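Examination of the molecular architecture
In case you want the letters, here they are:
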Amino acid sequence: GRVVAVRCTGVGRGLTRAYAGEDAKFTVESRDIHRNKTTSGRVPFVVSVRGVVSPVVHCIPGENGEYHYSYRTAKAGVYFVGILYEGVDIGGSPFKLTVDPGPTHANGCSATGPGVQGSYTMVETSFVVQARDYYGNARVTGGDVFNIEIGGTASARMRVRDNDNGTYTVAYTPEM
């Protein structure tokens, strides 16, 4: 039968969840008034991903009225995936999409606080490391392992606390 926009469905993780820097995928299924898959649609779906940025969306037509889509965005945040057929949203569109930061990457991380500048012998000081992904998105969960070295002529006692929010507090005391 004829394609009916509100009966068409979107399936796949890429409609609601993705990771910065990774390909996200989903499929749109053409359906008729009775929710049967149909191949009668000759007009393509119009798909957009809008949010912090608007990535390019790629389409590969499949079989049996299926269309496979993929996109990639470098910015974490909230987006909306809109899918239209002949100007009408398909069932569930627009979909709310959360793009999470990618895996922690050393080059994106930063450190702030008084301990970054140094300390006095036998005086504890600290700084905070913000874990970030390759694209600079702040991580919001813990669990990373950092290899931290305190420079200078003195050795230092050091401890690292995972704050379970993407930040790590590093406290150290320089010794003789």
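Data block above holds the structure.
Residues numbered from 1 in each chain as written. Predicted model: local features only at pLDDT ≥ 70, side-chain atom pairs only at ≥ 80, totals over all residues. Heavy atoms only, no water.

The next thing to look at is the packing of aromatic side chains. Summed over the entire model, instances satisfying the criterion amount to seven aromatic pairs. Between Phe26 and Tyr69, the aromatic rings sit 5.4 Å apart at their centres with planes inclined by 15°, giving stacked as the arrangement. Within this pair, whereas Phe26 is found in strand S3 (residues 24–29), its partner Tyr69 is found in strand S6 (residues 66–71), the two being separated by 43 residues in sequence. When the centroid spacing of 6.4 Å and the interplanar angle of 55° are considered together, the rings of Phe26 and Tyr71 count as tilted. Placement of Phe26 in strand S3 and of Tyr71 in strand S6 is noted, with a sequence separation of 45 residues between them. The buried category is assigned to Phe26, whose relative accessible area is 3%. Among the residues examined, Tyr71 registers a relative accessible area of 2% and is labelled buried. Every member of this aromatic cluster is reached through a ring pair, and the members are Phe26, Tyr69 and Tyr71. (Phe/Tyr/Trp six-rings, centres within 6.5 Å; stacked < 30°, edge-to-face > 60°. Helix = DSSP H or I, 4+ residues; strand = E, 2+ residues; numbered from the N terminus. Buried < 20%, exposed > 50% of the residue type's maximum accessible area, 1.4 Å probe, protein only.)

A separate point is the nonpolar core. In this structure, Phe26, Phe45, Val81, Ile83 and Leu97 are the most contacted members of the largest nonpolar core, which totals 23 residues. Contributing elements (two or more residues each) for this core: S3, strand S4 (46–50), S6, strand S7 (77–85) and strand S9 (95–100). Examining the composition of this core, we find that four residues originate from one element, S7, more than from any other. Residues contacting Phe45, with those up to four places away along its chain left out, are Cys8, Val28, Ser30, Tyr67, Tyr69, Ile83, Leu84, Tyr85 and Ile90. In terms of nonpolar packing, the next biggest core, distinct from the first, is built from seven residues, Phe127, Val129, Ile148 and Tyr168 among them. (Core = buried A, V, L, I, M, F, W, Y, C linked by side-chain atoms within 4.5 Å. Contact = heavy atoms within 4.5 Å.)

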